[in-house]
Each structure stands twice: as C-alpha cells, then as structure tokens.
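Examination of the molecular architecture
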Amino acid sequence: MTGDDHPLLAGLSAEQREAVTTRASPLCLIAGAGSGKTRVLTRRIAWHADQGHIDPRRTLAVTFTRRAARELRSRLRQLGAAGAVKAGTFHSVALAQLRRHAADSDRRPPQILDNPAKLIAELHPSSDRRTRNDIIAEISWCRARLVTAGDYPAAAKAAGRRAPLGRYECFAGTFGDYQAAKRKRRVLDFDDVLARATEMMESLPQHAAAQRWLHRHLLVDEFQDINPLQFRLLKSWLGPDSTLLVVGDPDQAIYGWNGADPKLIDSVAEHFPGCAVMHMRTNFRSTPEVLTAAGRVLGRAPQPAVRPPGGDPTITVCDGAEEAEVLARLIRRRHRPGSRWRRQAVLARTNSQLEPLRQALLQRNIPVVTTGETGLLRRPEIAAVRESWTDNARLASCVADTRQWLQEASGDGGGASDDGHNAAFGIGNGPGSSGHTPATRADTPAARADVKAFIEAFLDFAEDHLSLDPDATAGAFLTSLRADDRALGRGDGVDLTTFHGAKGQEWPIVYLVGLEDGYVPIHHARTAEARAEERRLLHVAVTRAQQELHLLWCDQRHNGDKTFLKAPSPWVEAISEGFSGATGQADNVAAVGRAREMLRAKRDEQR
C-alpha cells in the first residue's frame, strides 16, 4: 500500500506527510516547537522500511538524550519497527563502536574514567568542588569545539569566556595536565570516546567501511545543538551509499555555552551538498495564546496553532519574600481533585532559584519532583537492581532475569516473588521509598507503580544499549549510562526544573519564575550571541506550556538586611504588550512598565 490511505500516513498534516514520504537525501527538516517531530521521525522510518527504501536493520537514529532514544524506540515498537532500528546518543553509539572494534581486534575494551572531578582534585588539591566542576565544564567546552590546550587562550578570549582559574594560561596548563594524566592511566573520558571513534573512522579504512555498512541510514535529532566534535564524528560515519536526515530548530538552539554550534544548522547545505531543506511550522502542542507569547519573545509572527483558543498568559509581580507563597496559591488553585500534580511544572533559569521554592512547596504539602531527583543511577530501587548484577555478566541475561523477577514480584498475590528483593525494590510487601518527597512512600499502590516504572525505564535503557552492542556486559552499560543519567519515570509531583532541563518536555500548566533582568537574560550573557541564546532559551521555556502559561517576577529581592530593586526581563515587557487588557492583569502589566521606568530613572541618577 503506497497511497495517502496508508496506515502510516493516517492523521498526518500535509507538511508532516511530505516530510515522511520524501526520498530526498541528505535532508534537513526544520521542525518548530510542538510540530510533531518525533511522530514524523518514527513514521518516516517505518514508512521507508515498509516501502523497501531502507533496511531497518541498518538504520541508526542518533539522539541527544537516552530519554529521546527510548521514546523513539517505544513509538517504533508501536508501529512494528522497533526491533531492528538502533537508537542512541552520540556517546553510546561511539562507545559501542569502540567496544566492537576492541572485540574484533582481541584487545582490551576502553576503560572509562569514572570520576573526572577526582582526577582534577589530584591536579589541584586546594580547589573546591565548584572550581573542579567549572574546570571540567570548560574542558568539555574545549573538546566540543576542538580546542587544544595550546589554542585555549586565544579561543576563549574570542568567545568571551572566563577561565575557571582566573587566567587563561593557568587553565590551559591544567587542561594539558588533565589530558596527560588520562593518557598515562590509559583511560578515556566521554569526550575522548567521541574523539577516538572519529580518529578510528578517519585512520582505519576497513573499520570505517564496516561501520558505514552497519549504519547506512542515519537520522540525527536536535541537530541545532550539535557541537563540532559530534559533527566531525557524524561526517566520518557517512559514506557514498549513506542516507542522512537531520532534524532541528534554530529557534531552540540553547547549548552554545556548552560547545554547541548553532551555525551548523543554518549552513547545513554548505556541509552536505545537495541537501534539501523542509519546514514544519504548525504547532500541535500549545494554544494560540501561548504561541503568541512565544512569538513575541522572538519578535516574530507566532507558529500556526491547532489547539483551540485558551486563556491569555498571566503576569504576576510580587515581593521576593512572597514568591513561594504566591506560587503555592497558584498551583493549588489549578490542582483538580483526583488529578496528577505532575500536570504542572515550575521552570526557572537556574537551579539555585528552584531550591528555596522546592522547600517552600514541600512545607505547604505540595509534592514536587526536581531535576536532581531524576537521575536513574541515584535512585534506591535502581541501586538494588545494579547490586543484583555483576559487571562481567552478559547484559542481555541480566535484563531478562530482572524482567522475569519484576513480572513475578508485581503479579497478583506475589507468586514466586522474593520478599527480600521486594522490600529492597520497594514494589512488594516491604516498605520502600520512591525518593520524591517525604510524603511519598512505596507501600502505597501509586508509589509501587512509580517504582516499577523506574525499573522498567532502566531496563528499557539497557535494551536500547543492547541494540547498539548485543554482546555488552552489565558493566559496559552502566558506564555508558553515566554519560547521560536522566530518567524518564517520575513520581507524582509538580515538576521543578530549569529552562534547559525542560527541553523536550511539555506540561498542561507551566509557571516561569524569576523573570527578572539578570536572570532572564542571565547577567553574564554580555555578547550579542549570548543574549540571542538567552532569548531562544526563554522561547523554549514558554513553548513547554500546552494550555496555561503563568509568568512570575519579583520587583525586589532581599539578601539579609539589604533590598535590591529588580526590573522585569525585557521579554516580559514584549509579552505583556499583547494582553494588557486581560481580566485581572491590568495592574500587573502596568507594574512591568513602571518598574523598568523606575530602574531607568535610578540608573540615570547614579550616572
């Protein structure tokens, strides 16, 4: 069946259908927020496999998070195409490539540096934790941008970056020492994994040919966030017979600070001659009012909406001391009896803004889930699973055994389940903790279901890893997972996360807090390029809302006995211009203008 009545084309819009069925390659698909990108990706793979255009066994989808890879494979499974298609992050694919080459060459598999911060601490014993983290982040930026220790001072100055140790030359020395220490210990960090995989593709013709044969059909998601190191690896994977689809949205490029190069998607035709470019603009996620606000952030016309009209976004201004109480009232007012708290999310520019709000909401008996609580490897039930595995055991056997136990343990009456394991995992008769809030216990049906969902998510990640490396050991999978330790499953609570952490997610009701100049845009975004990225970041945060969007800012903040007057983000002003007549919003909208005028006058006086 090939016509428009094909089941794989059912329910697609005209622009989605064209993106699914075109045989153009290379192809760049510019997919706006909420435009059904994952739906198109999975339908495209299934469609072209059904039509005989591609071999799903030789198809690789590269995503930026395991969460995205799991979602893609889950949808492919529903379409009957998941078993053969491989999906993973750049790091997981590259690590599988290195392990496969080591096995074929009868060599030792790559040894991964578990704790870079520990190595940095040895090089700089007097450094504190924050400094060590800053050093690691700056090294990662260098590796992403293909900057060597010798090149760093000039490259950092050109990019307007601040060296973690104060002086460019001082950091360059630490960077060089770190690289030398890894070589001496014969270990790789996760940036080395990408670099080594690229070097092998470029220097070993037989290995490169085998890799290109294995992964002939390549799809790359979130292409706007690719960095030069990943891009170099991607190009090395391409051969004369390869097909390529890259998907991204320049308006959602938010990782330049971390080494990504948003210019690559804008110049894609230069890098891939003959590349066709298609656009999907229609938004299926958000109401027209939310999209109007998002358009005003970017200073352009909004995306076309499919959802029916809803309510205007709201703006709330308050004193910093009252922020948590105001937020709690808004959340409680919109929580319907019997509904899930996780229908609502609170997003802030930085993690430091979220912690006091988290504590305040918990004190008011509002359950929350924060970004720091979603790492799979840190969860007690996952720790119990890991302890039941041995590093050298075959991953496939570990997954099969754990799935069998999970089925028995969660079955009616318990069957042959092990009460000791049930207690440890928190899904049987024994007490446990789902780890979200003090009020959530695993001895309730809902909490047991959440714990089971976490374990199943962990096992799904393991099966994704097996699709890339069928002979993997449990230890190899756990090592790979540390490169992207973000879980899917969540208990029931209001999500608290940063604008960056919200990427790829959506909620019916979203609150954006701390929308003050200095946070949005962040105070250290001094260059035009950095401020443009901050603008796109707010656009990403706004477009997470499906039905309701609520903006909060504080006209003053307090630190001890000092009070600081604050101005709203300039983009809050832009949003407010569109709904100044909204019911109950006139005073708050007027306060936006008054605050900025007052701050301007004060600064003029100081001059």
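See the structure above.
1. Details of the overall build of the protein chain
Each helix and strand counted, the protein chain has 24 helices and 13 strands in total. Within the span of the protein chain, comprising 607 residues, buried residues form 55% of the whole. Of the contacts made within the protein chain by residues no fewer than 6 positions apart, 76% connect residues no fewer than 24 positions apart. For the protein chain, the exposed surface amounts to about 26,700 Å²; the carbon and sulfur share of it is 48%.

2. Thoughts on the side chain of Lys37
Here Lys37 is to be found in helix α2 (residues 37–50). A distance of 2.8 Å separates polar atoms of two side chains, one belonging to Lys37 and the other to Glu222. Those residues in contact with Lys37, other than ones at most four positions away along the chain, are Ala31, Asp221, Glu222, Val247 and Met280.

3. Section: helix α4 (residues 90–104)
Helical geometry: 3.6 residues make up each α-helical turn, so side chains three or four residues apart lie on a common side. Taking 1.5 Å as the rise per residue, α4 with 15 residues should run 21 Å; its terminal C-alpha atoms sit 21 Å apart, in good agreement. Counting buried positions along α4 gives 12 out of 15 residues, so the element sits mostly inside the fold. Downstream of α4 by one or two residues, Asp106 has phi in the positive range, about 55°.

4. Some remarks on α2
With 14 residues, α2 should cover 20 Å at 1.5 Å per step; its first-to-last C-alpha distance of 20 Å lies within 8% of that length. Considered for burial, the residues of α2 that qualify are Lys37, Val40, Leu41, Thr42, Arg43, Arg44, Ile45, Ala46, Trp47 and His48. Lining the buried residues of α2 we find α1 (14–21), β1 (27–31), α3 (66–78), β4 (217–220), β5 (243–248) and β6 (276–280). Positioned one or two residues after α2, Gly52 has a phi angle of 80°, which is positive.

5. Digging into the side chain of His539
If you trace the backbone, His539 turns up in helix α22 (residues 528–542). The exposure class assigned to His539 is buried, which follows from its relative accessible area of 4%. Once residues within four sequence positions are removed from consideration, His539 is found in contact with Asp251, Ala294, Val297 and Leu298.

6. Remarks on the sheet that holds β6
The parallel open sheet is built from six strands, whose spatial order is β3-β2-β4-β5-β1-β6. With partners counted over all chains shown, the strands left at the sheet margins are β3 (86–89) and β6, one partner each. Strand-to-strand twist of the sheet, defined as the mean angle between neighbouring strand axes without regard to direction, takes the value 15°. One ladder, built from four bridges, connects β4 with β5; its direction is parallel. Paired with Val220 across the strands is Val246, a residue of β5. Helix-sheet contacts for α2 involve β1, β4, β5 and β6, and the interaxial angle to β5 is about 165°. In this fold α3 packs onto β2 (59–63) and β3, with an angle of close to 165° to the strand it touches most, β3.

7. A look at unusual backbone geometry
Residues Ser25 and Pro26 are joined by a peptide bond in cis, for which omega reads -5°. With respect to the helices and strands, the residue Pro26 is situated in the loop between α1 and β1. For the bond from Val520 to Pro521, the omega torsion is 0°, close enough to zero to count as cis. Tracing the sequence through the fold places Pro521 in the loop between β11 (507–512) and α22. One non-glycine residue, Arg186, lies in positive phi territory at about 60°. Along the polypeptide, Arg186 turns up in the loop between α8 (168–185) and α9 (190–203).

8. Notes on the packing of helix α6 (residues 129–144) against α8
Here α6 crosses α8 at 80°, and the two axes come no closer than 11 Å. Classified by the angle between their axes, α6 and α8 sit roughly perpendicular to one another. Where α6 approaches α8, its residues Ile135, Glu138, Ile139, Cys142 and Arg143 are matched on the opposing element by Phe171, Thr174, Phe175, Tyr178, Gln179 and Lys182. Taken together, the residues of the contact of α6 with α8 sort by class into six nonpolar, two polar and three charged.

9. Describing the packing of aromatic side chains
Centre-to-centre distance and the angle between the planes together describe a pair of aromatic rings. Summed over the entire model, instances satisfying the criterion amount to 10 aromatic pairs. Residues Phe223 and Phe231 carry aromatic rings whose centres are separated by 6.2 Å and whose planes lie at 65° to one another, so their mutual orientation is edge-to-face. Phe231 shares its class with Phe223; the two are buried. The cationic tip of Arg58 hangs over the ring face of Trp213; the distance from NZ or CZ to the ring centre is 4.4 Å.

10. Considerations on the packing of helix α15 (residues 323–333) against helix α16 (residues 351–363)
At their nearest, the axes of α15 and α16 sit 9 Å apart, and the two run at 55° to each other. One element, α15, and the other, α16, form an angle in the oblique class. Relative to α16, the crossing made by α15 is right-handed. Contact with α15, carried on its side by Glu323, Ala324, Leu327, Ala328 and Ile331, involves Leu357, Ala360 and Leu361 of α16 and no other residues of that element. For the contact of α15 with α16, the per-class residue count stands at seven nonpolar, no polar and one charged.

Rules and cut-offs
- Residues numbered from 1 in each chain as written.
- Predicted model: local features only at pLDDT ≥ 70, side-chain atom pairs only at ≥ 80, totals over all residues.
- Heavy atoms only, no water.
- Helix = DSSP H or I, 4+ residues; strand = E, 2+ residues; numbered from the N terminus.
- Buried < 20%, exposed > 50% of the residue type's maximum accessible area, 1.4 Å probe, protein only.
- Contact = heavy atoms within 4.5 Å.
- Areas by Shrake-Rupley, 256 points an atom, 1.4 Å probe, with all protein chains shown as cover.
- Polar contact = N/O pair within 3.5 Å; in protein donor to acceptor, adjacent residues only side chain to side chain.
- Expected span 1.5 Å × (residues − 1).
- Pairing = 2+ DSSP bridges.
- Axes fitted to C-alpha atoms, helices over the stretch in contact; angles between N-to-C directions.
- Parallel < 35°, antiparallel > 145°, perpendicular 65-115°, else oblique.
- Nonpolar A, V, L, I, M, F, W, Y, C, P; charged D, E, K, R; others polar.
- Phe/Tyr/Trp six-rings, centres within 6.5 Å; stacked < 30°, edge-to-face > 60°.
- Lys NZ or Arg CZ within 6 Å of the ring centre and 35° of its normal.
- Left-handed = near helix turned anticlockwise from the far one by under 90°.

Shape descriptors only; they carry no functional weight alone.
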